[in-house]
Amino acid sequence: MKSLIAALLVSVALPAAAGAADFPAERVLAMASGDWDKDGTIDLALIATAEENSGEDSGLYIYLNKPTEARLSLALSLPNTIWGSPPIMAGQEPELGALANGSLTLVTKNESIGRDRWRQTLTIAYRNFDFIVAGYTFSSYDTLDPNGGSECDLNVLTGKGKALGQPFSGKAQFVLLKDWKDEIARSACGLDN
C-alpha cells in the first residue's frame, strides 16, 4: 500500500517538481513518503541528481501536502547538498526512508570505491515549521586495516551519543537542515581528524 501511495505521489508531484526544482523525473534517485508535518496527509521527499557533467552533487527536495489545495508544495529545496555527483556508482546511491514517528532518514555512503568505506545517516524531523537534523549516525572501515574504522551515533537535540562504543555527552543543538554541516556532528563524535 505504501508503495502505491508513493507512486501516486510521484505521479502528482513530479510535474510540479520539474518546474519548481527544475529537474526531470529520470534524475530522481530516491524517494520516501510520510507525514513529515503531522497534519494527517502524506508528504514526499526525494533526491535528484545534478545534471550530468555539471560537477555538482545531488539535491534533496521536500514537498508538503496542501490538503486544502489538493497538491504537494515544495517546502525545502537543497540542490548540490547530497554527496555524489553523476554518474552515481553502485554502492554510493543515497537513500531516503520514512520512520513511524514522522521523521525522515537520509543515508549517504561509499560502500564500493577505494579502501575507505563509510555510511552516514541523518535523521530529519519537522519542528517549528522547518526541517531540523535530530540525529546523526556514522560508521566507517578501512578495507586494508582492520583497526581503521570509526562509529558514532549522536542525538543532536540532546547532545548525547556513543562513539566507538563509549557514551559521551556534548552540547544540545537545534540545527536547521538547510544550515547543517557534517562537521557539527563529526566534532561532537571526535571524528574531525
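The text that follows walks through the structure, step by step, so that each part is easy to find. Since this is a predicted model, take the numbers as computed values, not measurements.

Scoring rules and cut-offs
Residues numbered from 1 in each chain as written. Predicted model: local features only at pLDDT ≥ 70, side-chain atom pairs only at ≥ 80, totals over all residues. Heavy atoms only, no water. Salt bridge = Lys/Arg side-chain N within 4 Å of Asp/Glu carboxyl O. Helix = DSSP H or I, 4+ residues; strand = E, 2+ residues; numbered from the N terminus. Buried < 20%, exposed > 50% of the residue type's maximum accessible area, 1.4 Å probe, protein only. Contact = heavy atoms within 4.5 Å. 1 Å grid on protein atoms, 1.4 Å probe; cavity = no way out; pocket = protein on both sides within 12 Å on 5 of 7 lines; lining within 4 Å. Points joined across faces, edges and corners; volume = space filled by probe spheres on them. Nonpolar A, V, L, I, M, F, W, Y, C, P; charged D, E, K, R; others polar. Pairing = 2+ DSSP bridges. Phe/Tyr/Trp six-rings, centres within 6.5 Å; stacked < 30°, edge-to-face > 60°.

### Some points on the pattern of salt bridges
In a structure, side chains of opposite charge can pair up when their charged atoms sit close to one another.
Here is step 1 of the chain: Under the defined criterion, the tally for this structure stands at six salt bridges.
Here is step 2 of the chain: Between glutamate 95 and lysine 109 there is a salt bridge; the shortest N-O distance is 2.5 Å. With a gap of 14 residues between them, glutamate 95 in strand β5 (residues 95-98) and lysine 109 in strand β6 (residues 104-110) connect regions that are remote in the sequence.
Here is step 3 of the chain: Judged by relative accessible area, glutamate 95 falls into the partly exposed class, the value being 28%.
Here is step 4 of the chain: Across the pair arginine 115 and aspartate 142 runs a salt bridge, and its minimum N-O distance is 2.7 Å. A residue pair is termed long-range when its members are at least 10 positions apart, and arginine 115 in the loop between β6 and β7 (116-127) and aspartate 142 in strand β8 (residues 130-142) qualify at 27 residues.

### Observations regarding unusual backbone geometry
Comment: phi is negative for the bulk of residues other than glycine, and the bulk of peptide bonds are trans.
Here is step 1 of the chain: At lysine 38, a position not held by glycine, the phi torsion is positive, near 55 degrees.
Here is step 2 of the chain: Here the phi dihedral of asparagine 80 falls at roughly 60 degrees; this positive angle occurs in a residue that is not glycine.
Here is step 3 of the chain: Within the fold, asparagine 80 resides in strand β4 (residues 71-82).

### Points about the environment of alanine 125
Here is step 1 of the chain: Mapping alanine 125 onto the fold places it in strand β7.
Here is step 2 of the chain: Taking the C-alpha atoms as reference points, alanine 125 and leucine 177, 52 residues apart in sequence, are found 9.0 Å from one another.
Here is step 3 of the chain: Discounting residues that sit within four places of it in the chain, alanine 125 has contacts with Ser103, Asp130, Phe131, Ile132 and Ala134.

### A look at the layout of surface pockets
Here is step 1 of the chain: When its volume is computed, the largest pocket comes out at roughly 690 Å³.
Here is step 2 of the chain: Around the largest pocket sit 34 residues that line it, and Thr108, Gln120, Trp180, Asp182 and Arg186 are the ones nearest its centre.
Here is step 3 of the chain: In terms of residues, the lining of the largest pocket owes the most to one element, β7, which gives five residues.
Here is step 4 of the chain: Classifying every residue of the lining of the largest pocket gives 15 nonpolar, nine polar and ten charged.

### Focus on the pairing of β5
Here is step 1 of the chain: Inspection of the sheet shows β5 paired to β6 by four bridges, in the antiparallel sense. Paired with glutamate 95 across the strands is valine 107, a residue of β6.
Here is step 2 of the chain: Two successive antiparallel strands, β5 and β6, enclose a turn made up of five residues, where glycine 102 displays a positive phi of approximately 95 degrees.

### Here's the deal with the packing of aromatic side chains
Aromatic ring pairs are described here by two measures, namely the spacing of the ring centres and the angle between the planes.
Here is step 1 of the chain: All chains considered together, the criterion is met by five aromatic pairs.
Here is step 2 of the chain: Seen in terms of ring centroids, tryptophan 83 and tryptophan 118 are 5.1 Å apart; in terms of plane orientation they differ by 70 degrees. Their pairing is edge-to-face. One end of the pair, tryptophan 83, is in the loop between β4 and β5; the other, tryptophan 118, is in strand β7, and 35 residues separate them in sequence.
Here is step 3 of the chain: Geometrically, the ring pair formed by tyrosine 136 and tryptophan 180 is tilted, given 6.3 Å between the ring centres and 40 degrees between the ring planes. Separated by 44 residues along the polypeptide, tyrosine 136 in strand β8 and tryptophan 180 in the loop between β12 (175-176) and α2 (182-189) bring together distant segments of the chain.

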